[in-house]
Amino acid sequence: MDFEQADAVNQAIRLLSLRHRARAATLLAPLGLHTGQEALLLELARTGPRIQAQLSEALGVEPPSITLMTRKLEASGHLRRTAAPADRRASVVALTDRGEALAEQVKQLWRTLAEETVTGLPAETVTELPGLLNTLTANVEARRRGYEPSALGWVREHVEQVVRTGTTDGVTMKGLPTVLMTYRGARTGKLRKTPVMRVEHEGRYAAVASKGGEPTNPQWYASLLADPLVELQDGTLTRRYRAREVTGEEKAVWWRRAVAAFPDYAEYQRRTDRQLPVLVLEPQVG
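For clarity, every value in this text was computed on a predicted model and none was experimentally measured.

### Digging into the overall build of the protein chain
- When its secondary structure is counted, the protein chain shows 10 helices and 11 strands.
- Overall, the protein chain is about 65 × 55 × 35 Å in size when its C-alpha atoms are taken along their principal axes.
- In the protein chain, which comprises 286 residues, the share counted as buried stands at 35%.
- Here the analysis covers contacts within the protein chain between residues at least 6 apart in sequence; of these, 61% occur between residues at least 24 apart.
- When the accessible surface of the protein chain is summed, it comes to about 16,200 Å², and 54% of that surface belongs to carbon and sulfur atoms.
- Here the protein chain contributes 39 positive and 34 negative side-chain charges, whose respective centroids are spaced 5 Å apart.

Given below as structure tokens:
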């Protein structure tokens, strides 16, 4: 890419960000909101109560900024904060009735802003736009956080499709759905992304370290044992989870769920003397 093209790309992105933020501020002002607060309200409206650390991760905002926003919205009666049952040092943030009503007003303004922004674009371009923008964001984020692509071609292709489309929907193995794990490599400390089969039960997921029944565990298994905090994307929703290996009867229950979701796991176990590890990913609450 020559300088003229690079300059055109960077300037267009910079100006869009500035103008979009300024227009959002104008629309939000009559509601008494500052930019950033609307994203927090919408996140809580989508997901229900969240730990402040989860809000920080989901919104890409530093924890002190989240704390400041939640305190202001709590003071105005739109949020309430309570101590997390599992960790009294952490705060659970939830919308009040007043906050839910405000979130509905924000949704209407959000539609207005989006419609203004895409005016004149063909419908098919509007449909593709979130995926394109998500790809740009992921490209920048990967460099910022030290992302290391997989050495396996099929894994890179799966990850690239998720990043390009913004969803795991349609990204399958043998026609069955997958989810995308993001974690830190045990050896390099860099971010890694790996698709695994979608094995879900009541908001928890299982990751089976099958590696197609090969004699050794997949690379991600050691990484999750070393650092069990992961991000999991299912569809368009990404949340933080803590992984733990299960054994005994608990493993047997999750193994049955895994085989029901992806029958090939049973064949993979028959291929190897290695007992295939099963890790359960539980929503992080602190």
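### Examining the packing of aromatic side chains
- Counted by the stated rule, this structure contains five aromatic pairs.
- A ring pair is formed by Phe262 and Tyr268, whose centres lie 6.1 Å apart and whose planes are at 55°; its orientation type is tilted.
- Judged by relative accessible area, which is 11%, Tyr268 ranks as buried.
- Summarising the aromatic geometry, the rings of Tyr265 and Tyr268 are spaced 6.2 Å apart at their centres and angled 75° between planes, so their arrangement reads as edge-to-face. Residue Tyr265 and its partner Tyr268 are both found in helix α10 (residues 264-271); the two are separated by three residues, about one turn of the helix. For the pair shown, Tyr265 and Tyr268 are each scored as buried.

Rules behind the numbers
Residues numbered from 1 in each chain as written. Predicted model: local features only at pLDDT ≥ 70, side-chain atom pairs only at ≥ 80, totals over all residues. Heavy atoms only, no water. Helix = DSSP H or I, 4+ residues; strand = E, 2+ residues; numbered from the N terminus. Buried < 20%, exposed > 50% of the residue type's maximum accessible area, 1.4 Å probe, protein only. Contact = heavy atoms within 4.5 Å. Areas by Shrake-Rupley, 256 points an atom, 1.4 Å probe, with all protein chains shown as cover. Lys, Arg positive; Asp, Glu negative; His and termini not counted. Charge placed at Lys NZ, Arg CZ, Asp CG, Glu CD. Phe/Tyr/Trp six-rings, centres within 6.5 Å; stacked < 30°, edge-to-face > 60°.

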